[in-house]
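# A structural walkthrough
Below, each chain spelled out in residue letters.
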Amino acid sequence: MSIFSCASKRGFLFIRMWRFPKALDSHLAYHKHNRVHNTRRSSKSEVSEGRRLDQKASPNKLQNPRRISSELQKLALEDFSSECEKTSRRKPSLESSDQHEIVFGVAPCRLALTQARRKTLKLFVKDGEASQRPALLKVCEEAHQRRVPIQRVSKKDLDRMVLGRVHQGVCLQATPLSYLTEDSEQSSKSTPLWLILDGIQDPMNLGAILRSAYFLGVDRVASSVHHSCPLTPVVSKASAGIMEVMGVYGYEDLEAMVRVKAAQGWRVVGTVAAEAPVSGIPITPCSDFRMTMPTLLLIGGEGEGLSQKLLALCQTLVTIPAGRQLLPGVESLNVSVATGILLHSLLSSTRTT
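Residues numbered from 1 in each chain as written. Predicted model: local features only at pLDDT ≥ 70, side-chain atom pairs only at ≥ 80, totals over all residues. Heavy atoms only, no water.

### Side note on the overall build of the protein chain
- Broken down by element type, the protein chain carries 11 helices and 13 strands.
- In the protein chain, which comprises 353 residues, the proportion classed as buried is 40%.
- Looking at the protein chain alone, contacts between residues at least 24 apart form 84% of all its contacts between residues at least 6 apart.
- When the accessible area of the protein chain is evaluated, it comes to approximately 21,100 Å², of which 53% is carbon and sulfur surface. (Helix = DSSP H or I, 4+ residues; strand = E, 2+ residues; numbered from the N terminus. Buried < 20%, exposed > 50% of the residue type's maximum accessible area, 1.4 Å probe, protein only. Contact = heavy atoms within 4.5 Å. Areas by Shrake-Rupley, 256 points an atom, 1.4 Å probe, with all protein chains shown as cover.)

What follows is the structure in structure tokens.
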């Protein structure tokens, strides 16, 4: 005969048995084994269940999805097309032609798509969570609306496309942009300003100049075709995509164009350093110059400045006074910085007169 007395204390079951000690030992060992086994199994199930919940909660791994519109969420890269999904792991397939180039960067790619001045062939987007950024999703949306194929590639592939430049996770294969030719377009302003570039060779400078010209309200940008930087994707990136919006007119003979505009009553304004000796042409600080008539602002290239032929056609020269005594070798500004200052000064003068 056996008598059991059971009590629950601190989660354990205490059993007192008056007889059958061997049976008691085997009974306790059996339950101890089951507790360890069940604990391990439950912990594993909890981990796997937690993973399943995480996967259900964020199938596309979007960061802060509330910040992205529902339409953009629908255009997440996983949802574009089965064909895009099939090609997402392949090497980038580029058209082998000299008539195509790689535009890179979020703003240049988006504006190249929306402005439609190029023929766009394929959009390449960096694979991974970075491709879900709202800025990249907007570029993909523009490409999707225009039926431009989208392919996801690795960062290394994008780096090779642009020779290591900063691509921001997106590249666009498209036809090149070229200089516009002369036309009969007339400005509606009473005092239009044309920016004339003579021999700008650095693409970063040209891009920065285009960005300033667009922001400040220049009516036209013109450049010499010879000895000047072409309109490359580097220029587009440096201009934050403004090259895709603002056309640049190219001239075989800048001097002939300047002579024609001067005969039509335009004022020809050149730019020089503060201490540059130029005989016979008045030099005015840019802060004192007032633009009261249609004006051509001539900007020379890096190092050499304006050519002598263009300098001889100038009616007035403007300069940027320095704010201190300058040391030898640093007497001038970068050409893109100087152009921005001069454009702001001239265009501001029209609002004060």
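### Regarding the nonpolar core
- By size, the foremost hydrophobic cluster in this structure holds 31 residues, and its most contacted members are Leu193, Leu195, Leu197, Leu206, Val218, Val221 and Leu297.
- Those elements that provide at least two residues to this core are strand S7 (193-198), helix H7 (203-216), strand S12 (295-300) and helix H11 (335-352).
- The contacts of leucine 206, once residues within four sequence positions are left out, are Leu197, Ile200, Cys229, Pro230, Leu231 and Val235.
- Counting residues in hydrophobic clusters, the runner-up holds 19 residues, among them Val258, Val268, Val272 and Leu298. (Core = buried A, V, L, I, M, F, W, Y, C linked by side-chain atoms within 4.5 Å.)

### A short note on the sheet that holds strand S10 (residues 267-271)
- Overall, parallel pairing links the seven strands, which are arranged S9-S8-S7-S12-S10-S13-S11 in an open sheet. For this open sheet the edge positions go to strand S9 (248-251) and strand S11 (283-285), each flanked by a neighbour on one side alone. Adjacent strand axes in the sheet meet at a mean angle of 30° when their direction is disregarded.
- Taken together, the four bridges between strand S8 (residues 220-224) and S9 define a ladder with parallel strand orientation. Counted as the bridge partner of serine 223 is glycine 250 from S9.
- Lying over the sheet, H7 contacts S7, S8 and S9, oriented at roughly 175° with respect to S7.
- Against the sheet, helix H9 (residues 254-263) contacts S7, S8, S9, S10 and S12, and its axis sits at roughly 155° relative to S7. (Pairing = 2+ DSSP bridges. Axes fitted to C-alpha atoms, helices over the stretch in contact; angles between N-to-C directions.)

### Some thoughts on H9
- Where H9 is concerned, the buried positions are Leu254, Met257, Val258 and Lys261. Down the axis of H9, the smallest arc covering the buried residues is 100°, so these residues share one side. Opposite the buried face of H9, by more than 90 degrees, sit the exposed residues Arg259 and Ala263.
- If you follow the buried residues of H9, they end up packed against S7, S8, S9, S10, S12 and helix H10 (308-313).
- In this structure aspartate 253 caps H9, since a side-chain oxygen of it lies 3.2 Å from the backbone nitrogen of glutamate 255.
- One or two positions beyond H9, positive phi appears at glycine 265, with a value near 100°. (Arc of directions from axis to C-beta. Polar contact = N/O pair within 3.5 Å; in protein donor to acceptor, adjacent residues only side chain to side chain.)

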